[in-house]
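Okay, here's what each chain looks like letter by letter:
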Amino acid sequence: MVQFTAPLTNLVKAFRDNKLIRVVALGSSSTAGSGASSPQASFPSQLDDELERRFGGWDFKVMNLGVGGQLATDMLERMEKHVLPREPHLVLWQTGVNDAIRDVGVESYRKTLKAGIDKLRAHGIDIILIQMQFYPKSERVQGYTDYLRVMHEVAAQEEIPVFRRFAIMKHFIKSGQFTPAQILSPDLFHMNDLSYGCLAGLMADAIEDQIAPFLRVRETAAAPKAPAPRADAPAAQRR
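Residues numbered from 1 in each chain as written. Predicted model: local features only at pLDDT ≥ 70, side-chain atom pairs only at ≥ 80, totals over all residues. Heavy atoms only, no water.

Visitor: Got a sec to walk through the pairing of strand 1 (residues 20-27)? Specific residues and values, please.
Guide: If a strand is regular, its side chains alternate between the two faces of the sheet. Counted residue by residue, strand 1 has 6 buried out of 8 residues, so it is predominantly covered. Examined bridge by bridge, strand 1 and strand 3 (residues 90-94) share 4 bridges and lie parallel to one another. From the neighbouring strand, alanine 25 faces strand 3, where its bridge partner is leucine 92. (Buried < 20%, exposed > 50% of the residue type's maximum accessible area, 1.4 Å probe, protein only. Helix = DSSP H or I, 4+ residues; strand = E, 2+ residues; numbered from the N terminus. Pairing = 2+ DSSP bridges.)

Below you can see the structure in the form of structure tokens.
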């Protein structure tokens, strides 16, 4: 559920060329941190800490641009003024839940996702789309899964990674590992400190999986090489 099926080519290049990796978290209330006990417990803040812990030698700046209640169209309008000036290497675009609840229309939603992806890619920015959250009443929202489907269709067409938040949260609850009350805030809609931490940790896993081949090559190149035996050394020594 965590591994991406599309590459983060520009992010790998950013690791190669930079020591500061800039990430923008663009989304609605679950990016802003509704349900968290403090701003430091939000998903972007916990992700910043997790990336710093995992990748020694790099600094990370995860910028939280979540605004509660926003639709994908609102986020698209903010890209020019609020996202692009920050020059991120990666944008985590969490969207869809408010679009589904208000039913803006799946084809309108599809066009908005495509327009946002095109705009970010034109500036050499990698994108990870984040599924809507699973919550008990989501199964009664008419068309909720249609918006999930459209996100995956656009991602497949554009070769964009999708973080499967809905599937992961549903698995946690349906498998009995957690109850809704354990991973959701008291409104049983927004996430809480625990689930924001899970989201940050699993997102870091997915990013690390993408970066790992570059890190292995880098470590191999930096490893000291054993000196070759001298040609006049005894045969036993040259073995």
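What follows continues from the structure just given.
Visitor: Let's hear about the pattern of salt bridges: which residues, and what values?
Guide: Within the structure shown, the criterion is met by 15 salt bridges. Where lysine 13 meets aspartate 17, a salt bridge forms, and the shortest distance between an N and an O atom there is 2.9 Å. Linking lysine 13 with aspartate 17, this pair stays in helix 1 (residues 9-17), spanning 4 residues, or about one helical turn. Note that arginine 110 is salt-bridged to glutamate 107, the shortest N-O span being 3.0 Å. You can see arginine 110 and its partner glutamate 107 sitting in helix 6 (residues 106-121), 3 residues apart, about one turn around the helix. According to the relative accessible area criterion, glutamate 107 is partly exposed, its value standing at 43%. (Salt bridge = Lys/Arg side-chain N within 4 Å of Asp/Glu carboxyl O.)

Visitor: Can you break down the packing of helix 6 against helix 7 (residues 144-158) residue by residue, with the values?
Guide: Remark: helix 6 packs on helix 7, axes separated minimally by 10 Å, with the N-to-C direction vectors making an angle of 35°. In this structure, helix 6 meets helix 7 at a crossing whose hand is right-handed. Along its contact with helix 6, which presents Val106, Tyr109, Arg110, Leu113, Lys114, Ile117, Asp118 and Arg121, the element helix 7 presents Asp146, Tyr147, Arg149, Val150, Met151, Glu153, Val154 and Glu158. (Axes fitted to C-alpha atoms, helices over the stretch in contact; angles between N-to-C directions. Left-handed = near helix turned anticlockwise from the far one by under 90°. Contact = heavy atoms within 4.5 Å.)

Visitor: Which residues make up the environment of arginine 54, and what are the values?
Guide: By the element assignment, arginine 54 lies in helix 3 (residues 43-54). Those residues in contact with arginine 54, other than ones at most four positions away along the chain, are Gly201, Ala204, Asp205 and Glu208. At 3.3 Å, the side chain of arginine 54 forms a polar contact with the backbone oxygen of glycine 201. At a separation of 2.6 Å, a polar atom in the side chain of arginine 54 contacts the side chain of aspartate 205. (Polar contact = N/O pair within 3.5 Å; in protein donor to acceptor, adjacent residues only side chain to side chain.)

Visitor: Lay out the sheet that holds strand 3 in plain terms, naming residues and giving numbers.
Guide: Spatial strand order, 2-1-3-4-5: 5 strands in an open sheet with parallel pairing. Edge positions in the sheet fall to strand 2 (59-66) and strand 5 (162-163), since each has one partner strand and no second. The sheet contact formed by strand 4 (residues 126-130) and strand 5 spans 2 bridges and is parallel. In the sheet register, isoleucine 130 faces strand 5, and the bridge partner there is phenylalanine 163. Contacts between helix 4 (residues 72-83) and the sheet are confined to strand 1, strand 2 and strand 3, with strand 1 contributing the most and set at about 150° to the helix.

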